[in-house]
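In case you want the letters, here they are:
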Amino acid sequence: MRSIEDRLQRLGVSRLDIVYIHDIDRNTDGTAYAQCFEDVVAEAIPALAEMREAGLIGGFGLGVNDVRVCVDLLARVDLDILLLAGRYTLLDQAALAELLPLCVRRDVAIVIGGPYNSGILATGAHPADGTVPYFNYAPAPAELVARVAAIEAVCADFDVALR
């Protein structure tokens with residue numbers, strides 16, 4: 001709550017449109033993940049709901065890379081929005097089967113972050129500068145490079161840039 005109050009003061013505004021709980025997931029929190037998740041449910045969500053009711057924020061949600069965290073949290077609480085990074089792109093459609101239909105049913109907005117999967121869908125399979133293409137902040141595996149090359153071929157057939 002103090003963090004949001006500080007931001008309101010620094011920005012000189014009386015309301016923030018959206019507030020995200022950022023990066024609660026197993027990769028970020030490791031062995032502390034389960035406790036962090038429970039803290040979000042027990043403490044962060046009620047505090048944000050209170051601020052929304054008071055008009056300090058327009059809505060709140062989660063900003064993560066992990067589809068499962070979104071599904072698990074939505075099973076326990078109501079959210080207004082999800083910022084999902086890199087899990088609904090031409091290469092990674094992990095959100096398609098379960099999360100996106102759940103969001104439609106629950107009227108949860110989605111922001112797709114990282115639509116280029118940290119580079120490869122912007123640079124293509126063979127970046128013009130000769131560097132290695134990146135996927136999820138690491139050099140892309142050969143099978144993904146091959147998939148991107150195939151996608152680029154389809155794009156070329158229709159005179160559409162990969163980006």
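Anything mentioned here points back to the structure above.
Computed from a predicted model, the values in this text were never measured in an experiment.

### Re the overall build of the protein
Thinking step 1. Summing up its helical and strand segments, the protein has seven helices and six strands in all.
Thinking step 2. Taken from the N to the C terminus, the helices and strands of the protein come in the order α-β-α-α-β-α-β-α-β-α-β-β-α.
Thinking step 3. A principal-axis box enclosing the C-alpha atoms of the protein has dimensions of 55 × 35 × 30 Å.
Thinking step 4. For the protein, with 163 residues in total, the buried portion stands at 37%.
Thinking step 5. At a minimum sequence separation of 6, the contacts of the protein that also span at least 24 residues come to 57%.
Thinking step 6. For the protein, the accessible area works out to roughly 9,400 Å², and carbon and sulfur atoms hold 55% of it.

### Here's the deal with the environment of aspartate 6
Thinking step 1. Mapped onto the elements, aspartate 6 comes out in helix H1 (residues 2-11).
Thinking step 2. Separated by 16 residues in sequence, aspartate 6 and histidine 22 place their C-alpha atoms 17 Å apart.

### Description of the packing of helix H4 (residues 67-74) against helix H5 (residues 99-106)
Thinking step 1. Running from N to C, H4 and H5 cross one another at 30°; their axes reach a closest spacing of 10 Å. It follows from the interaxial angle that H4 and H5 lie roughly parallel. Along this stretch, H4 crosses H5, giving a crossing that reads as left-handed. Residues Val67, Cys70, Val71 and Leu74 of H4 touch H5, and the partners they reach there are Leu99, Leu102, Cys103 and Arg106.

### Let's talk about the layout of surface pockets
Thinking step 1. As a volume, the largest pocket reaches approximately 250 Å³.
Thinking step 2. Listed by contribution, the elements that provide at least two residues to the lining of the largest pocket are H1, strand E1 (16-22) and helix H3 (33-53).
Thinking step 3. The leading source of residues in the lining of the largest pocket is H3, at five residues.

### What about the sheet that holds strand E4 (residues 109-113)?
Thinking step 1. Taken in spatial order, the four strands of this open sheet run E1-E2-E3-E4, and their pairing is parallel. Two strands lie at the open edges of the sheet, namely E1 and E4, each paired on one side alone. Pairwise comparison of adjacent strand axes, ignoring direction, gives a mean angle of 25° for this sheet.
Thinking step 2. Where strand E3 (residues 81-85) lies against E4, five bridges are found, and the strand directions are parallel.

### Remarks on the packing of H3 against H4
Packed helices, taken two at a time, are described by their axes: the angle between them and the distance between them.
Thinking step 1. Relative orientation of the contacting elements H3 and H4 amounts to 45°, with a least axis distance of 11 Å. Taken as axis vectors, H3 and H4 run oblique relative to one another. Note that H3 runs across H4; the crossing there is right-handed. Residue-level contacts link Tyr33, Phe37, Val40 and Val41 of H3 to Val69, Asp72 and Leu73 of H4.
Thinking step 2. Counted by class, the contact of H3 with H4 contains six nonpolar, no polar and one charged residues.

### Remarks on the state of the cysteines
In protein chemistry, a disulfide is the covalent bond that joins the sulfur atoms of two cysteines.
Thinking step 1. Counted according to the given criterion, the structure contains zero disulfides.
Thinking step 2. Cysteine 70 forms no disulfide, and the closest cysteine sulfur to it belongs to cysteine 103, at a distance of 7.2 Å.

Each value, and the rule that gives it
- Residues numbered from 1 in each chain as written.
- Predicted model: local features only at pLDDT ≥ 70, side-chain atom pairs only at ≥ 80, totals over all residues.
- Heavy atoms only, no water.
- Helix = DSSP H or I, 4+ residues; strand = E, 2+ residues; numbered from the N terminus.
- Buried < 20%, exposed > 50% of the residue type's maximum accessible area, 1.4 Å probe, protein only.
- Contact = heavy atoms within 4.5 Å.
- Areas by Shrake-Rupley, 256 points an atom, 1.4 Å probe, with all protein chains shown as cover.
- Axes fitted to C-alpha atoms, helices over the stretch in contact; angles between N-to-C directions.
- Parallel < 35°, antiparallel > 145°, perpendicular 65-115°, else oblique.
- Left-handed = near helix turned anticlockwise from the far one by under 90°.
- 1 Å grid on protein atoms, 1.4 Å probe; cavity = no way out; pocket = protein on both sides within 12 Å on 5 of 7 lines; lining within 4 Å.
- Points joined across faces, edges and corners; volume = space filled by probe spheres on them.
- Pairing = 2+ DSSP bridges.
- Nonpolar A, V, L, I, M, F, W, Y, C, P; charged D, E, K, R; others polar.
- Disulfide = S-S within 2.5 Å.

These figures come from the coordinates and say nothing about function on their own.
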